[in-house]
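# Close look at the chain arrangement
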Amino acid sequence: MSRIGVLYAGISFQHETLNRPGFRGLFMPINIYELPSIDLTQYDALIVPRSVDQVALGDYKRVIREFLDLPGILIALGDYWGDWLPGCRAGGFTPEDDEPLVKVEGHPILEGVESSDLHWHKGINGLCSHGHLSPPKDAKVLIRNKRGDAILYEDRSSTRGIIVAGSQFDLFCHCYSEDRGALKALQNCVEWIESLVPMIRSARKRRKIGVVYSGLHFHHHLFTRPGYEDMELLYIRCLPDTDLSKYDVLVVPRESNQEILYQCRTKIINFLDQGKTV
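Summary of the structure given here. Since the model is a prediction, treat every value here as computed from it, not as a measurement.

## Some details on the overall build of the chain
Secondary structure assignment for the chain yields eight helices and 13 strands. Radius of gyration (C-alpha) of the chain: 20 Å, near the 19 Å computed for a compact globule of 278 residues. If one aligns the C-alpha atoms of the chain with their principal axes, the spans along those axes are about 70 × 35 × 30 Å. Within the chain, the fraction of its 278 residues that count as buried is 49%. Long-range pairs, those at least 24 residues apart, make up 67% of the contacts in the chain with a sequence separation of at least 6. Where the 32 positive side-chain charges of the chain centre and where its 36 negative ones centre are 5 Å apart.

Following this line, the structure appears as structure tokens:
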């Protein structure tokens, strides 16, 4: 069974959908402010509903990127104005965002969901608009507004994982308000993630070489290029709390933070005492 974490910000419609009969037990709530301390390797997918703190998400964008590069699946729903989602830019707001939308590509998430099911705010256009998105150039746009702007897209090129991002595709809120299309689409999300679990888990082979990463461009550029798939970046601020036993080799590149390395000297000595290599 898939393990799906949902970032939770204590909002009423998030709580109600998480605990709705039919969905209760399928999702594991994660307090947004605890995200950096959570071992995300235990999850196959993360869902970010609308009204999750975007400032906090911006603070945690490295954590989100690392999850996607495991690889993992990320579904982001609702307003977007930060820079935390790889490849995505906020597209702004137009009246067409809250008018009837157009399903332009098929996708398992949209199975049985028609364009008519996607117009959430019938009769009150513009009152509750979540805008549109500017996706990366290689993304597959699934839903557009009538002006042609992207409302929902899938991106398999910006990271090692899979991103589905939607603005006016606010499933958690509209499951709470009993919209048929939202209920069907959220159930489809669960089934789609389940179908991808074997691929996601098989891609997460154990990486035997940990590379201490101090946030420098040349560290990241070198050790994430093709041919270095056996290497895993270990952000140096996480070094004190990381179990190094999963690695056979620890690489410490030039211009690593010497102060933090000195603070972790006992951990590194213990690693060497296990017969490992630095």
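## Quick look at the environment of threonine 17
Looking at the secondary structure, you find threonine 17 in helix α1 (residues 12-18). Note on threonine 17: relative accessible area 1%, which makes it buried. Along the backbone, threonine 17 and cysteine 175 are 158 residues apart, and their C-alpha atoms lie at a distance of 6.4 Å. Setting aside anything within four residues of it in sequence, one finds threonine 17 in contact with Phe23, Phe172, Cys175, Tyr176 and Leu186.

## Focus: the layout of surface pockets
In this structure, the largest pocket encloses a volume near 1,500 Å³. Considering the residues around the largest pocket, the lining is formed by 44 residues, among which Glu66, Phe67, Leu70, Glu232 and Leu233 are closest to the centre. Of the residues that constitute the lining of the largest pocket, the class distribution is 18 nonpolar, eight polar and 18 charged.

## Observations concerning the sheet that holds strand β11 (residues 209-213)
Reading across from one edge, β12-β11-β13 is the order of the three strands in this open sheet, with parallel pairing throughout. The sheet terminates laterally at β12 (231-235) and β13 (249-251), the two strands that pair on one side only. The mean angle between the axes of side-by-side strands here comes to 30°, regardless of whether they run parallel or antiparallel. As judged from the three bridges shared by β11 and β13, these two strands associate in the parallel manner. Residue pairing for β13: isoleucine 209 is matched across the bridge by valine 249.

## Observations regarding the packing of aromatic side chains
Under the criterion given, the structure shown has five aromatic pairs. Centre to centre, the rings of tyrosine 213 and tyrosine 235 are 6.2 Å apart; their planes meet at 55°, and the pair counts as tilted. With a gap of 22 residues between them, tyrosine 213 in strand β11 and tyrosine 235 in strand β12 connect regions that are remote in the sequence. Between phenylalanine 223 and tyrosine 228, the aromatic rings sit 6.1 Å apart at their centres with planes inclined by 85°, giving edge-to-face as the arrangement. Overall, tyrosine 228 belongs to the partly exposed group, its relative accessible area being 28%. Members of the aromatic cluster, joined through ring pairs, are Phe23, Phe27 and Phe172. A cation sits over an aromatic face here: arginine 3 above tyrosine 43, 6.0 Å from the ring centre.

## What about the nonpolar core?
One broad rule of soluble globular proteins: the nonpolar side chains tend to lie buried together. Core analysis: the biggest nonpolar cluster contains 37 residues, and Phe27, Ile73, Ile75, Ile143, Phe169, Phe172 and Trp192 have the highest contact counts within it. Take this core: its biggest share by element is nine residues, from helix α5 (residues 180-203). The contact partners of phenylalanine 27, leaving out residues within four places of it in the chain, are Ile4, Val6, Leu18, Ile47, Phe172, Leu186 and Val190.

## Examining the side chain of aspartate 170
Mapped onto the elements, aspartate 170 comes out in the loop between β10 (162-166) and α4 (171-176). Aspartate 170 gets classed as buried once you look at its relative accessible area, which sits at 1%. In terms of polar contacts, aspartate 170 uses its side chain to reach the side chain of arginine 50, at 2.4 Å.

## Some points on the pattern of salt bridges
In this structure the tally under the stated criterion is 10 salt bridges. For aspartate 44, the salt bridge goes to arginine 201, with nearest N and O atoms at 2.8 Å. You can see aspartate 44 sitting in the loop between β2 (27-31) and β3 (45-48) and its partner arginine 201 sitting in helix α5, a full 157 residues away along the chain. Overall, arginine 201 belongs to the partly exposed group, its relative accessible area being 39%. Arginine 156 is the salt-bridge partner of glutamate 154, the closest N and O atoms lying 3.0 Å from each other. For glutamate 154, a relative accessible area of 9% gives the class buried. A relative accessible area of 44% means that arginine 156 is categorised as partly exposed.

## Thoughts on α5
Taking 1.5 Å of rise per residue, 24 residues should cover 34 Å, and α5 covers 35 Å from first to last C-alpha, within 8% of that figure. Most pronounced at leucine 196, the bend in α5 amounts to some 45°, and the proline proline 198 follows within four residues. Buried within α5 we find Gly181, Ala182, Ala185, Leu186, Asn188, Cys189, Val190, Trp192, Ile193, Leu196, Val197 and Ile200.

Here is what the cut-offs are and how they apply
- Residues numbered from 1 in each chain as written.
- Predicted model: local features only at pLDDT ≥ 70, side-chain atom pairs only at ≥ 80, totals over all residues.
- Heavy atoms only, no water.
- Helix = DSSP H or I, 4+ residues; strand = E, 2+ residues; numbered from the N terminus.
- Rg over C-alpha atoms; globule rule 2.2 N^0.38 Å.
- Buried < 20%, exposed > 50% of the residue type's maximum accessible area, 1.4 Å probe, protein only.
- Contact = heavy atoms within 4.5 Å.
- Lys, Arg positive; Asp, Glu negative; His and termini not counted.
- Charge placed at Lys NZ, Arg CZ, Asp CG, Glu CD.
- 1 Å grid on protein atoms, 1.4 Å probe; cavity = no way out; pocket = protein on both sides within 12 Å on 5 of 7 lines; lining within 4 Å.
- Points joined across faces, edges and corners; volume = space filled by probe spheres on them.
- Nonpolar A, V, L, I, M, F, W, Y, C, P; charged D, E, K, R; others polar.
- Pairing = 2+ DSSP bridges.
- Axes fitted to C-alpha atoms, helices over the stretch in contact; angles between N-to-C directions.
- Phe/Tyr/Trp six-rings, centres within 6.5 Å; stacked < 30°, edge-to-face > 60°.
- Lys NZ or Arg CZ within 6 Å of the ring centre and 35° of its normal.
- Core = buried A, V, L, I, M, F, W, Y, C linked by side-chain atoms within 4.5 Å.
- Polar contact = N/O pair within 3.5 Å; in protein donor to acceptor, adjacent residues only side chain to side chain.
- Salt bridge = Lys/Arg side-chain N within 4 Å of Asp/Glu carboxyl O.
- Expected span 1.5 Å × (residues − 1).
- Bend = angle between axes of the 7 residues up to and from the residue.

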